[in-house]
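# An overview of the molecular structure
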Amino acid sequence: MGGGDGPLNAPRWLGWAWAIPAAFLAAFLVYPVIVLGARVGLGDGWSGLTAASTWQVAGLAAVQALASTILALVVGIPMANVVSRYRYRGRALAQAMVTVPFVLPTVVVALAFRSLLGSGVPQGFALVVVAHAYVNLAVVARIVGAQWAQHDDRYENVARTLGATRWQAFVTVTLPGLRGAIASSAAVVFVFSFTSLGIVLLLGDSTTRTLESQILRQTSVLLDFPGAAATAVIQLVLVTGVLLAGAMAGRRSPRRTMRPVALRPVPAGLSGIVVRVAVATTVIIVIAPVAALLLDSLRAGGAWSTAWWSAMGSVDAGTTRIGSPLGALGMSLGYALVTAVIASIVGGLAAVAVLSRGRARVVALLAIAPLGVSAATLGLGTLLAFGRGPIDLRGTGLLVPIAHALVAVPLVVAVVAPALRATDSRRLAVAASLGARPTRAFVTAYGSVLRVVMLASAALAGAVSLGEFGAASFLARAGNPTVPVQIVRLLSRPGEESYGVAAALAVVLVALTLALVLLVDRFGMSALQRSARTA
Amino acid sequence: MTPRLAADDLVIGHGSTVIAAGISFEVMPREIVAVVGPSGSGKSTLLATLAGVIPALSGRVLVDGADVTQVPIHHRGIGMIFQEPLLFPHLDVTDNVAYGLRRQGMSRAEANERAATLLQWLGLAGYERTSVDQLSGGQAQRVALARALAPRPAVLLLDEPFSALDADLRRRLVIEVSEALRHEGTAAIHVTHDLAEAAAMADRVITVPEAPESGPSALGRPAPPA
């Protein structure tokens, strides 16, 4: 399709569609990373690369990320089993519930855990690890569950007839079959926990710092930009290494007979009770923190109250005096809208490039590169590249949506590309054979799918923007914070009112995010299914 | 003489659905019995029930005279081979064959030695450390046979193990498997829809007629009305 080497009858202009995402990514991803690197090289950043304090933080973050990964696997693997392999009433709901923690903004999760556990549990390592595991349950349950759902039970039956107990069959046959999925999900969870910012800031202590929080501290407290750039480079290298190791471990996983496996009925007896208890536990684990948050937003002075909700429009709310929570909500919604437009255009065109070969394919790969770059690194890079002369974009209000679009583009590609792939390209030839010009034929072949899937991906990008904290903490202007930034500012102040208003604001963010994600699920999945049916 | 395996008024099915009822037969030591019948007659369900993969709806399964109906799969001493070899892909040929022996607590060295003997007997000498995804269909099915025979099961159940192979290979394997079972002295039930294959391998053939258009399979007597 791109570069003239795609399907026949594709319009000529489509061959150059890759140019727009290429230009965007070169300007707002590659250039800022180069600026970051140059800061390290030109300033005294070299010393930052070898600074003992930075490597000490990296070590602390690695231990914390490892513990978070292990906990997420221990809880997430049984969840993967019950939500993806058994047939029972409410299974679809349970599967959707498991996804909820992942789509919640991290600052909301942090606040929700504070609400759930109260002040009795001290901030620090354990709380951070539990919150990270909660956020990443969906990663494990979805990746491992997808693999497990296709797993042929007869392998275990063979092992059992050879004398293996149920547990031995699980350990010696089932687990090795899931090794690739477990390794891939573990790598992703490790990276998310290693580069965490919002949760670490709100729930951590001095032993739970990450390189991400170090970058924020170096830029906002120490004003050490070369040092921050060096930290960002170290993080980039470490994260890339972990992701590559995860991908390689996944590839080494042995192939085995896969067959479409129907969902199993919940077994009778003790096994059935275990499955039902696991489903109930899954739902409780997911709901409890969010429910606690909602309750906290409705309790003031030990009684039921809507005081915090009423204070949302007040500039004095929480005494931040930096604009009302509703003002922050308006700002976030505006950023989300612009992000949705930018990300869906850039990601949509990059997804079209995924279908083609040659140079356009490179653009598609580049489009998913931001996944490996942490949000704070993106924010810092964008700030260094475009926050001062010669190219100063601070006054345009575009820095936040541009950084958010970079975070969202890989997800847009992940939504749009499969739908385009599932669409039968022969439709193009059919339309052309009936006399349609190339552009008309393209619209006929792909238009209906693109319309729906672009709406879904725009909603996804909007959801990402609403909850994003890392980049916004660098780029949002002091007087115009986004909702997550406002929540963190409110929580940094003492007093019940700050906390209550932050909880109310977080509940609004939860509702908006879930609404957008449901939109994605409904439209994105239906587009995929429609494409597959007609292909 | 006590039968090696016996089914006593067995009712088989899934959940509340009865596929066949009133199944009774015996397999004597070293005897190979073939069960021949059309698809859907419940042959595979019968084997899965005998092995303990799915529970019997009622009736008894006896191994050497002992009732094993409620005994878990891994303690029944009944081996099974499926239509596909289902070799464990993360283990090489020897480790696949030694798998059951290791579960019995045999040392690695002893298990490997027995595996090597069986592999040699089945013409697979030299393949001991080969990855299973490098085997041909026939080789893989031979490894599956060696793996099933290695722990010396009381009875081996073969669920159409040759149906995915081409005709030539199938003919050769029928002879090889038959010889292997007799060499090991293992009693077996061989389920197939091919009468010639059954006759070539078995001492005795049980033919299952076409199931009636409605109602349970003709594998046993008709199920009593609910």
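Right above here is the structure, for reference.
Anyway, here's the lowdown on the structure attached to this text. All values derive from a computational prediction rather than experimental measurement.

### Looking at the overall build of chain A
- The number of helices and strands found in chain A is 22 helices and six strands.
- Per-residue burial over chain A gives 52% buried out of 535 residues.
- Here the analysis covers contacts within chain A between residues at least 6 apart in sequence; of these, 81% occur between residues at least 24 apart.

### Topic: the pairing of strand E3 (residues 32–36) of chain B
Residue and element names in this part refer to chain B.
- Most of E3 sits inside the fold, with five of its five residues counted as buried.
- The pairing of E3 with strand E8 (residues 187–192) spans five bridges and is classified as parallel. Within E8, the position partnered with alanine 34 by the bridge is histidine 190.
- Here four bridges tie E3 to strand E9 (residues 204–207), and the two strands are oriented parallel to one another. Considered in E9, the bridge of alanine 34 is made with valine 205.

### Quick look at helix H16 (residues 375–386) of chain A
- For H16(A), which comprises twelve residues, the first-to-last C-alpha distance of 16 Å matches the rise-based estimate of 16 Å (1.5 Å per residue) to within 8%.
- Every buried residue of H16(A) is listed here: Ala375(A), Ala376(A), Thr377(A), Leu378(A), Gly379(A), Leu380(A), Gly381(A), Thr382(A), Leu383(A), Leu384(A), Ala385(A) and Phe386(A).

### Brief notes about the packing of helix H18 (residues 426–433) of chain A against helix H19 (residues 438–467) of chain A
Residue and element names in this part refer to chain A.
- At their nearest, the axes of H18 and H19 sit 8 Å apart, and the two run at 135 degrees to each other. One element, H18, and the other, H19, form an angle in the oblique class. Remark: the crossing between H18 and H19 carries right-handed chirality. In this structure, H18 uses Arg427, Leu428, Ala431 and Ala432 to contact H19, whose residues at the interface are Ala441, Phe442, Thr444 and Ala445.
- Broken down by class, the residue content of the contact of H18 with H19 amounts to six nonpolar, one polar and one charged.

### Looking at the nonpolar core
- If you look at the biggest cluster of nonpolar residues, it comprises 168 residues, and the most contacted ones within it are Leu111(A), Ala131(A), Leu460(A) and Ala506(A).
- Sorting elements by how many residues they give to this core places helix H17 (residues 399–422) of chain A first, with 17 residues.
- Taken domain by domain, the makeup of this core includes at least three residues from each of domain 1 (18–29 + 318–535) and domain 2 (51–297) of chain A.
- Excluding its chain neighbours within four sequence positions, the residues that come into contact with Leu111(A) are Leu202(A), Leu293(A), Ile487(A), Leu491(A), Ala502(A), Ala503(A) and Ala506(A).
- Judged by nonpolar contacts, the second largest core, of 79 residues, contains Ala164(A), Val18(B), Val132(B) and Leu181(B).

Parameters and conventions
Residues numbered from 1 in each chain as written. Chains lettered and ligands numbered in written order. Predicted model: local features only at pLDDT ≥ 70, side-chain atom pairs only at ≥ 80, totals over all residues. Helix = DSSP H or I, 4+ residues; strand = E, 2+ residues; numbered from the N terminus. Buried ≥ 20, exposed ≤ 12 C-beta atoms within 10 Å, placed from the backbone. Contact = placed C-beta atoms within 7 Å. Pairing = 2+ DSSP bridges. Expected span 1.5 Å × (residues − 1). Axes fitted to C-alpha atoms, helices over the stretch in contact; angles between N-to-C directions. Parallel < 35°, antiparallel > 145°, perpendicular 65-115°, else oblique. Left-handed = near helix turned anticlockwise from the far one by under 90°. Nonpolar A, V, L, I, M, F, W, Y, C, P; charged D, E, K, R; others polar. Core = buried A, V, L, I, M, F, W, Y, C linked by C-beta atoms within 7 Å. Domains from an automatic or database assignment.

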